[in-house]
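Structure at a glance
So you can see what is in the structure, the chains are spelled out below.
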Amino acid sequence: MPPDRQGGGEADPGPVRGAEDLGPLRSEPGSLLEHVPVAVLGFDDEDRVCYWGPGARSLFGHESGAVLGRPAAVLFPGRDPGAAALLAERARALGYWRVRLPALHRDGTVFDCGFRVFPLTGSTGRSVVMGLASRSVELDRVKTNLAFLDALFETCPIGLVMLDEELRYVHLNQALADMDGIPVDEHLGRRMTDIMITSDGGEYQRLLKAVAQEGRTVVDTLVGLRTRGHPDRDQVRSVSLFPLSGAVGTRRGVGGLLVDVTDRERAIMEATAARQRLALLDRAAAGIGTTLDLNVTARELVEAVVPEFCDACVVELVQWMYEPEIFDPRLPLVTRRIAQGTTLPPPADELLAGLERVTYPPGSSIHAMLDTGRPLSVPVNDDFVTRTVTHRERARLLLESGLGCILIAPLIARGTVQGITMFGRSAARPAFAESDLALASELASRAALCLDNARLYGRVQDIALTLQRALLPSAPVAGPHADIAHRYLPGSRVTEVGGDWYDVIPLPGDELALLVGDVMGHGVPAAAAMGRLRITAKALAGHTPDPEALLAELDACAQEAGIELATCLYIRYDPHTGHARVASAGHPPPLLRHPDGTVERIGDVLGIPLGVGGVPFRSTATLIPEGAVVALYTDGLVEARGQDIDAGIDALRDQLRAPVDCLEETVDRILARLLPDTATDDTVLVLARLRRAPRTGPQ
C-alpha cells in the first residue's frame, strides 16, 4: 500500500498502519462526526496498537510512530494494561461494546473518553479490535442536541418539516401532519404540491425553490392554502423557511417551521371588518341627511356605500295609494326609484338608471323582505330574476350586469314603510354575510328616518308654497297706462318658503300703486303674515293717498299681528303728470330705466322695517319719463353670501341697461343671469313700463 495514503486500512492485523495510510473509515463532512472529533485506532491479539488514525493523533496527542506496535496501556492513566485488555476482551465477547474510561493524553492530562469497540477479522483469519474514541463531553453535547431534536419533532406544537431539493418530504412532525390531515408516513417521498393546494399562481412553490437553490431565508410569511386532507378548510399559515446544507453526496434541502394562524388571522380580519363597518356607519351618519331634500338624501345614501360596501345601490320609495295603506304581500308593489349608483361596467348602469317606476310582482324577494321587515340577501340567479323582474329585457340586463348577490333592506321610519334600498355586489366580491345584513339594517334605518324627515318637510313646503301662491296675485291688472311683467320664484327645497310678495293696484283717477315686500321668516307662518300685509295694503291703498301714511297703517297692523320684521316698498304713480311718490320700510330701492338706457335708483330713502314702530315714514317724489321701466325686487335677487347687496343692485342695473323690448323676456333673462342654480331665498321681480295718460280738453 503506498505510504502517502491516510487513515486506517483494512482489518488485516499484519502490518501496522499509521496516519499516512488511508482506510475506508473516515468522517464525512456535513455529518455529526464532522462536529465531534473521532479517533480511529486498532489493537492486535497482544493488545498492542496496530492502527492509528489522524483522529487518534488529535485526541491522544501521539504521533503514529510513537505508538504503533506499543502496548495499548500507553493510552490509559498509570499505563494500566487492564483497561486495554478489558476493551479487547469485551469487543471479542460481545461483538460491540461501548464504555467510558479515563484516558491519558500525551501531555499527561487525563480526560473522560467514550469508546466504541468491535472485532474485525482479516482475510488471513487474524483479528483485530477496532475502536472509535471521542471525548465524552463532545459526545454528551451531540446526544443532548439529538435528544432535543427528537423531543422537538415529537412534542413541538409548531409544524416542522425537512424537504429535499426537489421539495419532497424527508422528515416532518406530527403537528404538521395534523395540520395537513394526512399521516406522517404518507407525506414521505411526496412533493409539496401533492399535499398543499394554493391559489397563488405557484408563488409559494417558487419561494421554496429559491430557498433550496439560492440559500434564501424567509421569516413569517403568510400563506393561504387548503390541503388534500382538509380540502374544504381554508387555512392561513405563518411560514419560516431556511436552507439545509447537504452532506457529501446529497443535495441541498429546505427546513421549515409552519404555524397555523387561521384563527388569529380570522380574528384580525373580523376586527378589521368591524372597524370598517363602524367607520362606514360613522361616515354615513355624518353624510346622510345633510339637507331636507328627498332626492339629495337618497343620493347621499348611495354615495356612502358605493364602492366600499357594495358595487351598486338603488333607493326606491313605495308608491302607496293612500297614506295609511298597509303592505299586502298578495298585491304588486310599485316603487319610484329616486337614486342609484354603480361602479360596474355596462350594462349595470343601464339596468339601474333606465327605469324610474318599478313594479314587483307578488312572491318577489322584495315582498318576502317586507313581509318580515328584515334585510334579505339573495343570489342573482334565474330563480330570483324570474320571481322579481317582470320585464324580459330588464331580466336580461340583470343577469348580464355582473351582480352576484343583492341585499334588500326596508326603509322603515316611525312605523311606516317608506321604501326599499338594494345593495349589489359583483360575483368577484364575497357574498353578503350576517354582519353585512346588520350593517345594511343600520344604514337603512338611518336613511329611512332622514328620508321621512325630508318627506314631511317637503309636504310642509308644498303647503307653504301653495298658500304663498294662493295669496299672491295671479294676473294683476295694471290698467291702460302700464305694462307689467312679474315673477315669484321660491327658494330651493333645502330652504323653506319665505314671505316675499308683490301687488299692482289700480287706484281712482287712473293712478297706479306698485308694492313689493318681504316678511322675515319662512314656512307657513311667513306666508300667512305676507298674505295679511298684502290684503291690508290693498284695502288701504284706495283711501290712503299718502304712501307714508299707508306704511304707518301697515306698521300698526304688523305690530298687532305679531309680525316682528317685514320690509315693504310702495310707489304711487299718476299717469296724468308722470309724477310718482316712493316710500320704503327697510326695502331695497327700486331702479328706474330711462328710455335712453340709463338706469338710476329712485326713492332712495331706506326707512325702518314694519313691525318695529316708533319712527315715522317718509316719501320722496320723482318724475318718471314716458315709457320708462321701473324695477321692483326682493333681496333674493341681489343678495348672496359673501357679496355686498350694493354689488347685487349694480349687477341688476347692468342687466337693465340692455334693450327692454319685451318685459316678459327681460324678466326671464335677468333671473337666469342673476340667480344661481340653487337659490337659497325666495325672489320677486316686477318690471312695470309706465306711460302717460293722453291729455283731454281743448288743445
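For the structure, see preceding data.
A brief look at the structure comes next.

Thresholds applied
Residues numbered from 1 in each chain as written. Predicted model: local features only at pLDDT ≥ 70, side-chain atom pairs only at ≥ 80, totals over all residues. Heavy atoms only, no water. Pairing = 2+ DSSP bridges. Helix = DSSP H or I, 4+ residues; strand = E, 2+ residues; numbered from the N terminus. Axes fitted to C-alpha atoms, helices over the stretch in contact; angles between N-to-C directions. Phe/Tyr/Trp six-rings, centres within 6.5 Å; stacked < 30°, edge-to-face > 60°. Buried < 20%, exposed > 50% of the residue type's maximum accessible area, 1.4 Å probe, protein only. Expected span 1.5 Å × (residues − 1). Arc of directions from axis to C-beta. Contact = heavy atoms within 4.5 Å. Polar contact = N/O pair within 3.5 Å; in protein donor to acceptor, adjacent residues only side chain to side chain. Patch = residues over 30% accessible without salt bridge, like charges linked within 9 Å, V, L, I, M, F, W, Y side chains within 5 Å. Areas by Shrake-Rupley, 256 points an atom, 1.4 Å probe, with all protein chains shown as cover. Salt bridge = Lys/Arg side-chain N within 4 Å of Asp/Glu carboxyl O.

**Topic: the sheet that holds strand β1 (residues 39–43)**
The antiparallel open sheet is built from 5 strands, whose spatial order is β2-β1-β5-β4-β3. Single-partner strands in this sheet number two, and they are β2 (49–52) and β3 (97–104). In this sheet, neighbouring strand axes are inclined to one another by 30 degrees on average, regardless of whether the strands run parallel or antiparallel. Both β3 and strand β4 (residues 110–121) contribute to a ladder of 8 bridges, which runs antiparallel. Bridging across to β4, Ala103 finds its partner in Phe111.

**Details of the packing of aromatic side chains**
Scanning the model with the defined rule gives 5 aromatic pairs in all. On the numbers, 5.7 Å between centres and 45 degrees between planes, the contact of Trp52 with Phe60 is tilted. Of the residues examined, Phe60 reaches a relative accessible area of 0% and is grouped as buried. Where Phe76 meets Phe115, the ring centres are 5.9 Å apart and the plane angle is 40 degrees; that geometry is what we call tilted. Residue Phe76 is found in the loop between α3 (64–67) and α4 (81–94), and its partner Phe115 is found in strand β4; the two are separated by 39 residues along the sequence. Residue Phe76 is classed as buried on the basis of its relative accessible area of 1%. The exposure class of Phe115 is buried, given its relative accessible area of 1%. Taken together, the ring pairs connect Trp52, Phe60 and Phe111 into an aromatic cluster.

**Brief notes about helix α20 (residues 645–656)**
A rise of 1.5 Å per residue sets the reference length of α20, with its 12 residues, at 16 Å; its end C-alpha atoms lie 17 Å apart and thus fit the reference within 8%. Burial in α20 covers these residues: Gly648, Ile649, Leu652, Arg653, Gln655 and Leu656. Projected down its long axis, α20 shows its buried positions confined to an angular sector of 160 degrees, all on one face. Turning to α20, the residues buried within the fold contact β23 (591–593), β24 (599–601), β26 (629–633), α19 (635–638), α21 (663–674) and β27 (683–690). Two to three positions downstream of the cap, the backbone nitrogen of Asp646 sits 2.9 Å from a side-chain oxygen, assigning the N-cap of α20 to Asp644.

**Focus: a nonpolar patch on the surface**
Together, Met520, Leu565 and Val612 give the surface a local cluster of nonpolar side chains, amounting to about 240 Å² of exposed area. For Met520, a relative accessible area of 38% corresponds to the partly exposed category.

**Quick look at the environment of Val519**
Examined against the element boundaries, Val519 turns out to sit in strand β20 (residues 512–519). Classification of Val519 by relative accessible area gives buried; the value is 3%. Distance from Val519 to Gly499, taken between C-alpha atoms, is 4.5 Å for residues 20 residues apart in sequence. When neighbours within four sequence positions are excluded, Val519 is seen to be in contact with Gly499, Trp501, Ala526, Ala529, Met530, Leu533, Ile563, Leu565 and Ala566.

**Examining unusual backbone geometry**
Each neighbour pair has its own omega, and for Val306 with Pro307 the value is 5 degrees, a cis peptide bond. Relative to the assigned elements, Pro307 resides in the loop between α11 (294–305) and β12 (312–318). Note that the residue after Pro346, namely Pro347, is joined by a cis bond; omega there is 10 degrees. On the secondary structure map, Pro347 appears in the loop between β13 (333–342) and α12 (348–353). In this structure, Asp47 takes a positive phi of about 60 degrees despite not being glycine. Despite not being glycine, Arg414 shows a phi value in the positive range, around 55 degrees. Here Arg414 lies in the loop between β16 (403–413) and β17 (416–426).

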